[in-house]
Amino acid sequence: MFVDHSPLAAVNPYLCFMPERLYADIAVPSVPKDTLTYAVPDGLHDQITAGIRVMVPLGRRLVMGFVVRSHHNMPEFAVKAVQQVLDIEPVLTPPVMELCDWVHRYYVCGLGEAFKAALPQGMDVDSERHVALRCNDEEIISRVVGRSRTKAMIVDALRTGELMTEEQLKKHAGVKSISAQLRDLFMEGVVQIESIIERPAARPKTALAVRLLPPWNSSERLMEVMEMMEKRAPKQVNILAALWSRYRDGQLTVLLSDLVKEANASSAQVRALEEKDIVEVLEEEVTREWQVRYAEKPKAITLTADQKGVLSAVCEAVDDTRHLTMLLYGVTGSGKTQVYIEAIRHVLAQGKQALVLVPEISLTPQFVYRFRQAFGKEVAVMHSRMSVGERYDAWRLTRAGEYRVVVGVRSAVFAPLRDIGLIVVDEEQESSYKQSDMLPRYNGRDVAIMRGWFESAPVLLGSATPSVESWHNADSGKYRLLTLPERVDGARMPEFEFVDMAAARRQQTLQGAFSRPLLEALGECAERGEASIVFHNRRGFAPHTECRDCGFVEECDNCSITMTYHKDRSVLRCHYCGAARKAPVVCPQCGGTRLDLVGTGTQRVEEDLQQALPKLRILRMDSDTTRRKGSHDLMLTAFGEGEADVLLGTQMVAKGLDFDRVSLVGVIAAEQSLLLPDFRSGERTAQLLTQVAGRAGRGSTPGTVLLQASQPQHPVFRFVADNDYSAFMATEVESRRGLNYPPFSRLVLLTFSGENEETVRNAAKLYHIAFGKAERFFTMHTPQPALIGRINRRYRYQLLLRVEKARDGDGSRLGRALAQAEEYFLRHTKSRSVHVAVDVDPQYMM
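Residues numbered from 1 in each chain as written. Predicted model: local features only at pLDDT ≥ 70, side-chain atom pairs only at ≥ 80, totals over all residues. Heavy atoms only, no water.

### Here we look at the overall build of the protein chain
Consideration 1: What the protein chain contains, in helices and strands, is 26 helices and 37 strands.
Consideration 2: By the compact-globule yardstick of 28 Å for 846 residues, the protein chain fits well, its C-alpha radius of gyration being 31 Å.
Consideration 3: Along the first, second and third principal axes, the C-alpha atoms of the protein chain reach 90 × 90 × 65 Å.
Consideration 4: Burial analysis of the protein chain (846 residues in total) assigns 53% to the buried set.
Consideration 5: Here the analysis covers contacts within the protein chain between residues at least 6 apart in sequence; of these, 76% occur between residues at least 24 apart.
Consideration 6: About 38,900 Å² of surface is accessible on the protein chain, with carbon and sulfur atoms providing 49% of the total. (Helix = DSSP H or I, 4+ residues; strand = E, 2+ residues; numbered from the N terminus. Rg over C-alpha atoms; globule rule 2.2 N^0.38 Å. Buried < 20%, exposed > 50% of the residue type's maximum accessible area, 1.4 Å probe, protein only. Contact = heavy atoms within 4.5 Å. Areas by Shrake-Rupley, 256 points an atom, 1.4 Å probe, with all protein chains shown as cover.)

### A few points about the sheet that holds strand 27 (residues 580–582)
Consideration 1: The sheet built from 3 strands is open, its strands ordered 25-26-27 with antiparallel pairing. Since the sheet does not close on itself, it has two edges, and those belong to strand 25 (564–566) and strand 27, each with one partner. When the angles between neighbouring strand axes are averaged without regard to direction, this sheet yields 30°.
Consideration 2: Two strands pair when backbone bridges link them, and strand 26 (residues 571–573) and strand 27 are joined in this way by 3 bridges, in the antiparallel orientation. Residue pairing in the sheet places Leu 572 in a bridge with Arg 581 of strand 27. (Pairing = 2+ DSSP bridges. Axes fitted to C-alpha atoms, helices over the stretch in contact; angles between N-to-C directions.)

### With respect to the packing of aromatic side chains
Consideration 1: Applying the stated rule across the entire model yields 23 aromatic pairs.
Consideration 2: Taking 5.0 Å as the distance between ring centres and 25° as the angle between the ring planes, the aromatic pair formed by Phe 367 and Phe 371 counts as stacked. Of the two residues, Phe 367 and Phe 371 are both situated in helix 14 (residues 365–375); the distance of 4 residues between them amounts to about one turn of the helix.
Consideration 3: A relative accessible area of 0% means that Phe 371 is categorised as buried.
Consideration 4: Grouping aromatic residues by their ring pairs yields a cluster made of Phe 752, Tyr 767, Phe 771, Phe 777, Phe 778 and Phe 825.
Consideration 5: Just above the ring of Phe 639 sits the side chain of Arg 661; from NZ or CZ to the centre is 5.2 Å. (Phe/Tyr/Trp six-rings, centres within 6.5 Å; stacked < 30°, edge-to-face > 60°. Lys NZ or Arg CZ within 6 Å of the ring centre and 35° of its normal.)

### Some details on the nonpolar core
Consideration 1: Ranked by size, the top nonpolar core spans 116 residues in total, and within it Phe 371, Phe 414, Leu 750 and Phe 771 carry the most contacts.
Consideration 2: Once residues lying within four places of it in the same chain are set aside, the contact partners of Phe 771 are Leu 750, Arg 776, Phe 778, Met 780, Leu 799, Leu 801, Ala 817, Leu 818 and Ala 821.
Consideration 3: In this structure, Phe 535, Leu 689, Val 692 and Ala 721 belong to the second largest nonpolar core, which totals 44 residues. (Core = buried A, V, L, I, M, F, W, Y, C linked by side-chain atoms within 4.5 Å.)

### Side note on helix 8 (residues 219–229)
Note that an α-helix has 3.6 residues per turn; residues three or four places apart therefore point the same way.
Consideration 1: Residues of helix 8 that are buried include every one of Leu 222, Val 225, Met 226 and Met 229, and no others. Take helix 8 and look down its axis: the buried residues cluster within an arc of 105°, on one side only. Facing away from the buried side of helix 8 by over 90 degrees, the exposed positions are Glu 220, Glu 227 and Met 228. (Arc of directions from axis to C-beta.)

### Quick word on the pattern of salt bridges
Consideration 1: Under the defined criterion, the tally for this structure stands at 52 salt bridges.
Consideration 2: Each of Glu 285, Arg 288, Asp 393 and Arg 396 takes part in one network of salt bridges that share partners. (Salt bridge = Lys/Arg side-chain N within 4 Å of Asp/Glu carboxyl O.)

### Some remarks on helix 25 (residues 757–773)
Consideration 1: Across its 17 residues, helix 25 extends 25 Å between first and last C-alpha, which sits within 8% of the 24 Å expected from 1.5 Å per residue.
Consideration 2: Among the residues of helix 25, those classed as buried are Val 760, Ala 763, Ala 764, Leu 766, Tyr 767, Ala 770 and Phe 771. Each buried residue of helix 25 lies within a common arc of 160° when the element is viewed along its axis, so the set occupies one face.
Consideration 3: Two to three positions downstream of the cap, the backbone nitrogen of Glu 758 sits 3.1 Å from a side-chain oxygen, assigning the N-cap of helix 25 to Asn 756. (Expected span 1.5 Å × (residues − 1). Polar contact = N/O pair within 3.5 Å; in protein donor to acceptor, adjacent residues only side chain to side chain.)

### Quick notes on the pairing of strand 18 (residues 405–408)
Consideration 1: The alternating pattern of strand 18 places Val 405 and Val 407 and Val 406 and Gly 408 on opposite faces, both of which are buried.
Consideration 2: Sheet analysis places strand 16 (residues 353–357) next to strand 18, joined by 4 bridges and oriented parallel. By the bridge assignment for strand 18, Leu 357 is matched with Gly 408.
Consideration 3: In the sheet, strand 17 (residues 379–382) pairs with strand 18 via 4 bridges, with the strands oriented parallel. Counterpart to Met 382 in the pairing with strand 18 is Gly 408.
Consideration 4: For the segment spanning strand 17, helix 15 (residues 388–399) and strand 18, crossover handedness is right-handed. (Right-handed = clockwise from strand over helix to strand, strands pointing away.)

### Description of the layout of surface pockets
Consideration 1: A volume near 960 Å³ is recorded for the second largest pocket.
Consideration 2: Forming the boundary of the second largest pocket are 40 residues, of which Ile 301, Thr 337, Gln 338, Arg 370 and Asp 658 lie nearest the centre.
Consideration 3: At the level of elements, helix 13 (336–349) and helix 14 are the ones that each hand at least two residues to the lining of the second largest pocket.
Consideration 4: Tallying contributions element by element places helix 14 first for the lining of the second largest pocket, with 6 residues. (1 Å grid on protein atoms, 1.4 Å probe; cavity = no way out; pocket = protein on both sides within 12 Å on 5 of 7 lines; lining within 4 Å. Points joined across faces, edges and corners; volume = space filled by probe spheres on them.)

### Thoughts on the pairing of strand 20 (residues 459–463)
Consideration 1: With 5 of 5 residues buried, strand 20 lies mostly within the body of the structure.
Consideration 2: Side chains of strand 20 alternate between two faces, with Val 459, Leu 461 and Ser 463 and Leu 460 and Gly 462 buried alike.
Consideration 3: Judged from the 4 bridges that link them, strand 19 (residues 420–426) and strand 20 form a sheet pairing that is parallel. Each bridged residue has a counterpart across the sheet, and for Asp 426 the counterpart in strand 20 is Gly 462.
Consideration 4: In this view, the connection linking strand 19 to its parallel neighbour strand 20 by way of helix 16 (residues 444–455) has right-handed handedness.

### Examining the confidence of the model for the protein chain
Consideration 1: Considering every residue of the protein chain, the mean pLDDT works out to 92; 97% of them sit at 70 or more.
Consideration 2: In the model, residues 1–18 has pLDDT below 50 throughout and makes 40 contacts with residues more than four positions away in sequence or in other chains. (pLDDT = per-residue confidence, 0-100.)

### Looking at unusual backbone geometry
Glycine aside, residues mostly have negative phi, and peptide bonds are mostly found in the trans state.
Consideration 1: With omega at 5°, the peptide bond leading from Pro 214 into Pro 215 counts as cis.
Consideration 2: For Pro 215, the location among the structural elements is in the loop between strand 12 (205–212) and helix 8.
Consideration 3: Here the amide bond leading from Pro 742 into Pro 743 is cis, since omega sits at 15°, within 30 degrees of zero.
Consideration 4: Mapped onto the elements of the fold, Pro 743 is located in the loop between helix 24 (725–739) and strand 33 (746–754).
Consideration 5: The backbone of Ser 30 sits at a positive phi, close to 80°, despite the residue not being glycine.
Consideration 6: Along the chain, Ser 30 turns up in the loop between strand 3 (23–27) and strand 4 (36–39).
Consideration 7: Even without a glycine there, the phi angle at Asn 792 is positive, about 55°.
Consideration 8: Overall, the relative accessible area of 47% leaves Asn 792 in the partly exposed class.

### Looking at the packing of helix 5 (residues 149–158) against helix 7 (residues 179–187)
Consideration 1: Interhelical geometry of helix 5 versus helix 7 gives an angle of 65° and a closest axis separation of 10 Å. At the point where helix 5 passes helix 7, the crossing takes the right-handed sense. Packed against helix 5, whose contacting residues are Thr 150, Lys 151, Ile 154 and Val 155, the element helix 7 presents Gln 181, Leu 182, Asp 184 and Leu 185 at the interface.
Consideration 2: Considering only residue class, the contact of helix 5 with helix 7 consists of 4 nonpolar, 2 polar and 2 charged. (Left-handed = near helix turned anticlockwise from the far one by under 90°. Nonpolar A, V, L, I, M, F, W, Y, C, P; charged D, E, K, R; others polar.)

### Things to note about empty space enclosed by the protein
Consideration 1: This model, assessed by the stated rule, comprises 5 cavities of 30 Å³ or more.
Consideration 2: Of the pockets and cavities examined, the largest cavity occupies roughly 140 Å³.
Consideration 3: Forming the walls of the largest cavity are 13 residues, and the residues nearest its centre are Tyr 329, Thr 690, Asn 723, Asp 724 and Tyr 725.
Consideration 4: A per-class count over the lining of the largest cavity returns 9 nonpolar, 3 polar and 1 charged.
Consideration 5: Lining the second largest cavity are 13 residues, and of these Arg 288, Glu 289, Trp 290, Ala 394 and Tyr 403 sit closest to its centre.
Consideration 6: If you list the elements that add at least two residues to the lining of the second largest cavity, you get strand 17 and helix 15.
Consideration 7: Among the residues forming the lining of the second largest cavity, the class breakdown is 7 nonpolar, 1 polar and 5 charged.

The structure is reproduced here in structure tokens:
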């Protein structure tokens, strides 16, 4: 722990005004204001520069902030002083700071929050107030404590002589707040209070390593000593032999843990060699790297004429060193990934770096494996399943220039690359690029485009199913359109078959979730030695339980949503707040025993399939089966090597997988996403079905896709079956134009939440009134309860704005209108318990 013992903190955090004194504008996360101004002590002048992190006083605490700029402009008010500089050199480069400033303005979040998002998790530095007893005079203590029970409890706890945190003292005193009592005790000199800066969770890791000392690092001298020790210390000889073997290969040090394992020796025997001055044991920094356990047989790849044409256009853009956004529209199996790899080879040959963004669900072991096969140790991986240490090492080694290619999810858009030659955004249409549950609520694809602008680098968006927004931008000439219209290796697009589930239910021919044609196709596929993928986008066993006697349905106590039954543990689980309870055997309302499990999740689909075709080897892949680190890799390796006949799962199996042996894809409920009350439901359904269908027929065996649907004649299914995504896009763009939905307007969703429904409703109404008084560059809907009206004990209301792009291109007018609305709200209410979340360009309206 680092203790702040500076004279400024001990005496007075305020500094008087002096001419030519240096000041710094600091962006502090969680502070709505862009920056706060602090004085810079003389001893820190040389260390203060933009992009550096510092610790500054805020209220009674020390908090982390980012230096935005330094200047000599004397403020008109007294300011506190910077207390500590945390970095030797800036953690944010100037282009990344510009990018964060854009994020802060466009997505309407604090500048400090935007800067914080650019760093990996675990780099936050916090402080905690620690209290110690300072006075031993019982007469003074008795006078100051008086009749206050809380003060007496505080003093009593501190008599041990140890430092205690404010939280520990609150717990000891059994009260919610001790601020006033601590202030009195401090002012009277009874206690002293220090802010202790805690070590961040993310920091370099060290381990003990061993190296040979001169002159024993020459073969002749080492052989001499090994011959002398051979009979009386054979284990030490093994250690020296292992060290020499590594030294000869250019490895100067070996981790102690690896060495004793390789030599079948103990650390005591290494220490014995150290005492003889033959080896040295030292601390060495070790790199924590995400290990991919997936492996596949290498393929000989020859680019098609279409791939060569696209590659030429991308390389031309790289050489031009100007920003250009390109949309690569390539059908599934057309070889987009190989185009990315070849383009990045060209980028690296120019001495530049590359950033590749992939949605979480598509960051498959296959994708990472192929990039590491192409670029070896120059590839850093960044995603949420990595440990804090792994993410931190990937970030800091990228910053140090050891990695030239970064492959990661949306947060990797801020990776500290210093000379970007190309940015690739794969599966650009994916909604998971949008961060919706925390600040800043940014879209990784759009931020990547802006990073390309700030870095003067081309951006390549790739997809078999582009978003309506990107399609329209390419169609209007804003983006350059590149196409891969055919699959590689002469593979054909899959054929589609439909099963009318409404008719099958009437005829009573279903076996659980499966129609007879799908079961027959799965059985025949396995008999031929081919593989199948079965897709169902709902995990668990059943979405809800219902009492047949009284109609009671189990709902979450915290959320207005039914609880999903998970059969493997016999629990009901809420997929929103995570609450779980034992599944009942009788109805909690009427005591009846006729409880139905209604609906179908992947667990039930697996059970139905195993019962219908018991010889099938099934692998189920969803968030329940892939919780353990590396499980995703092992499952896909097993499936690729033929250890399973069927890969069954949620969206995890729909995208990014490339297996030649898959000839059949079955979709359990094709219209499931069509039923959502969202203007994007048609687009998402077409994208999802096209993507999952694209897993079939990638090798020499033709592919078949069998869709089970209650409305098989729906127009969306026709477009998908005809492999005519461009016709679907043309229809969808015109529909959006008529309704003035994106891309022809910008949506802004305000979600109000709090524990009291009436207070939340009133807050939404006040904002609605305030927006009605603002300059009109938008249309506005009346506030409504959210579709899921309560999550985690907080009621939710929503207010939707539709902004005219032509009148607010950069979002500055929206920012001003939101600030005015907040000011109006605060003037007309005493409640501060309502949280207002602003989501610009929301992906989900629920």
